[in-house]
Amino acid sequence: LESSTKSARIPLYGASLIFYALALFSKEMAITLPVVLVVYDCYFCCDWNLRKVSSRIWSRYLGFWVISLFYLWVRFEVFKPAESLDIGYHGGSFYLNVLTTLKVFGQYLTWMLVPIGFHPTIPDTGYYPGTLFSLEALVPIVLILFLLTLAVNFYRTQKMTSFGILWIFITLLPVSNIIPIQNFIAVRY
């Protein structure tokens with residue numbers, strides 16, 4: 001049984017790499033899959049043992065990292081002429097970009113909890129919070145800190161809930177405007 005299980009792993013691993021590549025070239029947010037897999041292993045298999053985690057990264061996820069690097073090369077070198085637009089920070093500064101990102105995260109969390117009020121497009125003007133102390137920025141900060149605190153507190157007793165909270169934040173990273181993107185908010189994200 002052990003040898004048949006090992007022989008079945010190779011085709012399954014190959015299939016997972018193929019499907020990951022297809023997903024990645026279909027939707028950029030798929031690039032978070034290797035990170036989600038590593039965090040999953042940390043939560044459920046390795047209990048954050050760094051030696052175990054690092055060996056699993058090399059033995060199980062090297063293919064995912066190689067495909068990710070290939071995709072990034074294609075994205076930023078092959079398609080470079082198409083991306084010659086300099087989007088710049090939303091609102092014109094890094095500070096306003098961070099405030100906008102906080103408001104966007106708050107909007108995403110609101111849509112997840114209360115799925116009403118979806119719009120196909122969000123206007124580019126009038127969406128930037130004025131200051132860090134405006135309600136549009138403070139409420140998302142409090143909500144994000146609350147969820148991250150919940151994830152830490154639930155780690156021992158409710159691992160799946162804790163992992164789910166981190167999953168949300170990890171998968172939103174590519175569209176979080178750390179590197180400005182043209183559509184700073186979209187229902188599809």
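Described in the following lines is the structure provided in the data block. A quick note: this is a predicted structure, and the numbers were derived from the prediction, not measured.

### Here we look at helix α4 (residues 62-78)
Inference 1: Look at α4: 23 Å from first C-alpha to last across 17 residues, which is about the 24 Å you get at 1.5 Å a residue.
Inference 2: All of the buried residues along α4 are Gly 63, Phe 64, Ile 67, Ser 68, Tyr 71, Val 74 and Arg 75. Along the axis of α4, the buried positions cluster into a sector of 135 degrees, meaning they face one direction only.

### Quick word on the packing of helix α5 (residues 94-113) against helix α6 (residues 135-154)
Inference 1: Where α5 contacts α6, the two axes come as close as 8 Å, and the packing angle between them is 60 degrees. Helix-helix and strand crossings are classified by hand; for α5 and α6 the assignment is left-handed. Judged by residue contacts, Leu 99, Leu 102, Lys 103, Phe 105, Gly 106 and Leu 109 of α5 engage Glu 136, Ala 137, Pro 140, Ile 141, Leu 143, Ile 144 and Leu 147 from α6.
Inference 2: Of the residues in the contact of α5 with α6, the class split is 10 nonpolar, 1 polar and 2 charged.

### Some words on the packing of aromatic side chains
Inference 1: What the rule picks out here adds up to 15 aromatic pairs.
Inference 2: Considering the side-chain rings of Phe 25 and Tyr 71, the 5.0 Å spacing of their centres and the 80 degrees angle between planes classify their relative orientation as edge-to-face. You can see Phe 25 sitting in helix α1 (residues 2-26) and its partner Tyr 71 sitting in helix α4, a full 46 residues away along the chain.
Inference 3: With 5.7 Å between their ring centres and 75 degrees between their planes, Phe 44 and Phe 163 make a pair best called edge-to-face. Placement of Phe 44 in helix α2 (residues 33-44) and of Phe 163 in helix α7 (residues 159-172) is noted, with a sequence separation of 119 residues between them.
Inference 4: On the basis of relative accessible area, Phe 44 is assigned to the partly exposed category, the value being 31%.
Inference 5: Ring pairing ties together the aromatic residues Tyr 40, Tyr 43, Phe 44, Tyr 155, Phe 163 and Trp 167, which thus form one cluster.
Inference 6: Geometry around Phe 76 places Arg 75 over its ring, the cationic atom sitting 5.4 Å from the centre.

### Remarks on the pattern of salt bridges
Inference 1: The tally for this structure, following the rule as stated, stands at 1 salt bridge.
Inference 2: Between Arg 75 and Glu 28 there is a salt bridge, with its nearest N and O atoms 2.3 Å apart. In this pair, Arg 75 is assigned in helix α4 and Glu 28 in the loop between α1 and α2, connecting sequence segments 47 residues apart.

What counts, and at which threshold
Residues numbered from 1 in each chain as written. Predicted model: local features only at pLDDT ≥ 70, side-chain atom pairs only at ≥ 80, totals over all residues. Heavy atoms only, no water. Helix = DSSP H or I, 4+ residues; strand = E, 2+ residues; numbered from the N terminus. Expected span 1.5 Å × (residues − 1). Buried < 20%, exposed > 50% of the residue type's maximum accessible area, 1.4 Å probe, protein only. Arc of directions from axis to C-beta. Axes fitted to C-alpha atoms, helices over the stretch in contact; angles between N-to-C directions. Left-handed = near helix turned anticlockwise from the far one by under 90°. Contact = heavy atoms within 4.5 Å. Nonpolar A, V, L, I, M, F, W, Y, C, P; charged D, E, K, R; others polar. Phe/Tyr/Trp six-rings, centres within 6.5 Å; stacked < 30°, edge-to-face > 60°. Lys NZ or Arg CZ within 6 Å of the ring centre and 35° of its normal. Salt bridge = Lys/Arg side-chain N within 4 Å of Asp/Glu carboxyl O.

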